[in-house]
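Each chain is listed here by its residues.
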Amino acid sequence: GYYYLYIEAIDKAGNTSTTTDYIYIHDFDAPIITSTQDHYEFEVNESTFKSEDVFSNLTITDNVTSYNNMTKEITDTYNSQYNIVGEYSITYTVSDYYSNTTTKVITINIKDTTAPTISLKDGGNVIYTNHDLSQKEIYDLLEINDNYDDITYEDVSITSTSDGLEGVEYQVTVSVTDSNNNK
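Below, the structure is looked at part by part. On a predicted model such as this, the values are computed, not experimentally measured, just so you know. (Residues numbered from 1 in each chain as written. Predicted model: local features only at pLDDT ≥ 70, side-chain atom pairs only at ≥ 80, totals over all residues. Heavy atoms only, no water.)

Looking at the overall build of the protein
Within the protein one finds 2 helices and 12 strands. Taken from the N to the C terminus, the helices and strands of the protein come in the order β-β-β-β-α-β-β-β-β-β-α-β-β-β. Counting only C-alpha atoms and orienting by the principal axes, one finds that the protein spans roughly 130 × 20 × 20 Å. Burial status across the protein gives 27% buried among its 183 residues. Long-range pairs, those at least 24 residues apart, make up 55% of the contacts in the protein between residues at least 6 apart in sequence. A total of about 12300 Å² of accessible surface is found on the protein, and carbon and sulfur atoms cover 48% of it. Of note, the protein has its 8 positive side-chain charges centred 6 Å away from the centre of its 31 negative side-chain charges. (Helix = DSSP H or I, 4+ residues; strand = E, 2+ residues; numbered from the N terminus. Buried < 20%, exposed > 50% of the residue type's maximum accessible area, 1.4 Å probe, protein only. Contact = heavy atoms within 4.5 Å. Areas by Shrake-Rupley, 256 points an atom, 1.4 Å probe, with all protein chains shown as cover. Lys, Arg positive; Asp, Glu negative; His and termini not counted. Charge placed at Lys NZ, Arg CZ, Asp CG, Glu CD.)

This is the structure in structure tokens:
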């Protein structure tokens, strides 16, 4: 800001001279934003990490302007969406009294790396039957779960090795791939 100066000079003989002037002091240093972490990564539905949790890991300082007098703008594409796979960001823009500005971007990656689980509804690992089972009949005997997707019959691949002989054991292979290519 501007400061009024009154200057008086006195020599050895006692003569005085005075003048007044103004000086302008300007701050050119932007605020500083530090964080304990710039990138977060979580498995979908395994965390309840909220946008507010990022705020508690930030420190914002300035050499002149107090935190309460800074202008702050937050752009949050994450919005605490820990149940939706994607890469998100929270951008902090802070300006001090002299319009010096700093921006900090924190990224949050919500990922799905968990494969679907497949088991028999009865808890066993053998199906006993007196006829060849269709793929739909096999599907109806299965319990298929995924941490992110709702698995449907169309998502399941079922193959079997059967020669059609009665009383012969044969192997059924069931595979499921979710929307994030987890098998």
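Considerations on the side chain of Thr-91
Along the chain, the position of Thr-91 falls in strand 7 (residues 86–95). Ignoring sequence-local partners within four residues, the contact set of Thr-91 consists of Glu-73, Ile-74, Thr-75, Thr-103, Lys-104 and Val-105.

Focus: the sheet that holds strand 8 (residues 101–111)
With mixed pairing, the 4 strands of this open sheet are ordered in space as 4-8-7-6. Two strands close off the open sheet at either side, each with one partner strand: strand 4 (39–43) and strand 6 (71–76). Pairs of neighbouring strands in the sheet enclose a mean axial angle of 15°, with direction left out of account. For strand 7 and strand 8, the ladder comprises 10 bridges, and the chain directions are antiparallel. From the neighbouring strand, Thr-91 faces strand 8, where its bridge partner is Val-105. (Pairing = 2+ DSSP bridges. Axes fitted to C-alpha atoms, helices over the stretch in contact; angles between N-to-C directions.)

Some remarks on unusual backbone geometry
Of note in the backbone geometry, Asn-45 takes a positive phi value of approximately 65° without being a glycine. As for its placement among the helices and strands, Asn-45 is situated in the loop between strand 4 and helix 1 (51–55). Take Asn-45: its relative accessible area is 41%, and that puts it in the partly exposed class. A positive phi angle, close to 65°, is found at Asn-181, a residue other than glycine. Along the chain, Asn-181 falls in the segment after strand 12 (171–176).

Let's talk about the packing of aromatic side chains
Using the criterion set out here, one finds 10 aromatic pairs in the structure. Judged by centre distance (4.7 Å) and plane angle (35°), the ring pair of Tyr-40 and Phe-49 falls under tilted. Ring geometry for Tyr-97 and Tyr-98: centres 4.9 Å apart, planes at 90°, overall edge-to-face. Exposure remark for Tyr-97: the relative accessible area of 63% places this residue in the exposed category. Site record: aromatic cluster; members linked through ring pairs are Tyr-40, Phe-42, Phe-49, Tyr-78 and Tyr-88. We note Lys-72 situated over the ring of Tyr-67; from NZ or CZ to the ring centre the distance is 4.3 Å. The lysine or arginine in question, Lys-136, covers the ring of Tyr-153, its NZ or CZ lying 5.4 Å from the ring centre. (Phe/Tyr/Trp six-rings, centres within 6.5 Å; stacked < 30°, edge-to-face > 60°. Lys NZ or Arg CZ within 6 Å of the ring centre and 35° of its normal.)

Side note on the environment of Glu-46
Along the chain, Glu-46 falls in the loop between strand 4 and helix 1. Distance from Glu-46 to Asn-83, taken between C-alpha atoms, is 8.2 Å for residues 37 residues apart in sequence.

Describing the environment of Ser-17
Considering the arrangement of structural elements, one finds Ser-17 in strand 2 (residues 16–24). For Ser-17, a relative accessible area of 47% gives the class partly exposed. Considered as a pair, Ser-17 and Thr-129 are 112 residues apart in the sequence and their alpha carbons are 114 Å apart. Other than its neighbours up to four places away in sequence, Ser-17 contacts Ile-7, Glu-8 and Ala-9.

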